[in-house]
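# Coordinates in review
Each chain, letter by letter, is given below.
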Amino acid sequence: MKSILIAFFSLIMMQSFAQAIPEKYNFDYFTVYDYKKSEKETLVSTKELNYSNSKDSSYVLQVRLENNIATKIVLVDFKNLKTYEFEENKNVTDYSDVGFLKVKTNYDYSLKSCLKKSKTVYAVDYKNQSSGSIVINLFKNHDRKKVVNECFLETMPSEIATNQHYNFSPLINPLWCNKFVLKNKEVIKSSYFVSKGKREHIRKLEEISKIEFTVKVDSL
């Protein structure tokens, strides 16, 4: 009986220590994009910060700023299908200082609905890629007769990152859900969508810089 109790308590201790080990996410660069929902938007200054690892694109820390106030901070781990939300409402003026991060909650990140076969189809147009321009067409169904919207990307070479697309907000879901493969290794300089003749969701790269920091989060 004594040996059974010792084994039982040893198992509990082992599980406790295993649960206490935090997940570590290393980041070595970040991008800052100016974002406008439409060309007419002028009242709110919105920035999208993406902190990434140039050698591992399977996770990204995203910070959304509105007039320098963090309104959304999430870390998405695509490999382990987890999302961590951090406390927001922080005034952020120094993009390299992320010491304020504090986990608020975490939940599973599901790609199931995205991975399922969908009527929508993507087609990538590379005919102007030599000048740094790529167009991604989203069609309503497989007959490709009706275009839902067009995404225009302007890219540029960078010594800091070569696989940034998987951590670029508009491309995250379709790329991770294998909707298409982007045959381009440059950094996205700007992007916008055209739907019903109107330009919307406009992003312009303001900064790409190296950084070194690690985020530790509980794996529970």
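See the structure shown above.
Residue positions are counted from 1 within each chain, in the order its sequence is given. For this predicted model, a pLDDT threshold of at least 70 governs which residues receive local features, and a threshold of 80 or more governs which side-chain atom pairs are given and counted, while totals over whole chains, interfaces and linings are taken from all residues. Side-chain descriptors were evaluated using all non-hydrogen atoms of the structure, hydrogens and water having been removed beforehand.

Two aromatic rings, drawn from Phe, Tyr or Trp (for Trp, its six-membered ring), form a pair once their centres lie within 6.5 Å of each other, and the interplanar angle then sorts them: stacked below 30 degrees, edge-to-face above 60, tilted otherwise. Under the definition given, this model contains 12 aromatic pairs. Ring geometry for Y25 and Y59: centres 5.0 Å apart, planes at 70°, overall edge-to-face. Linking Y25 in strand β1 (residues 23–38) with Y59 in strand β3 (residues 56–66), this pair joins segments that are 34 residues apart in sequence. Classification of Y25 by relative accessible area gives buried; the value is 3%. Seen in terms of ring centroids, F78 and W176 are 4.8 Å apart; in terms of plane orientation they differ by 15°. Their pairing is stacked. Taken together, the positions of F78 in the loop between β4 (69–77) and β5 (82–86) and W176 in helix α3 (residues 172–176) put the pair 98 residues apart, joining distant regions of the chain. Only protein chains enter the accessibility calculation, which uses a 1.4 Å probe. A residue is then buried if its area is under 20% of the maximum for its type, exposed if over 50%, and partly exposed in between. Residue F78 is classed as buried on the basis of its relative accessible area, which comes to 5%. By the ring-pair criterion, three or more aromatic residues cluster together here, those being Y25, F27, F30, Y51, Y59, Y84 and F213. Each ring is checked for a lysine NZ or an arginine CZ that lies within 6 Å of its centre and within 35 degrees of its normal; such an atom marks a charge sitting over the ring. A cation over a ring is seen here: R199 above Y192, with NZ or CZ 4.0 Å from the ring centre. Helix and strand labels come from DSSP, where a helix needs a run of H or I of at least four residues and a strand needs a run of E of at least two; each type is numbered from the N terminus.

In this section: the pattern of salt bridges. Throughout this description, the term salt bridge denotes a Lys or Arg side-chain nitrogen within 4 Å of a carboxyl oxygen of Asp or Glu. Tallying each qualifying case throughout the model produces 11 salt bridges. A salt bridge links E39 to R199; its shortest N-O distance comes to 3.9 Å. Highlighted residues: E39 in the loop between β1 and β2 (46–53) and R199 in strand β11 (residues 198–217), separated in sequence by 160 residues. Here R203 and E48 are joined by a salt bridge, their closest N and O atoms 2.8 Å apart. Here the residue R203 occupies a position in strand β11, and E48 occupies one in strand β2, the gap between them amounting to 155 residues. Residue classification places E48 among the buried positions, given a relative accessible area of 8%.

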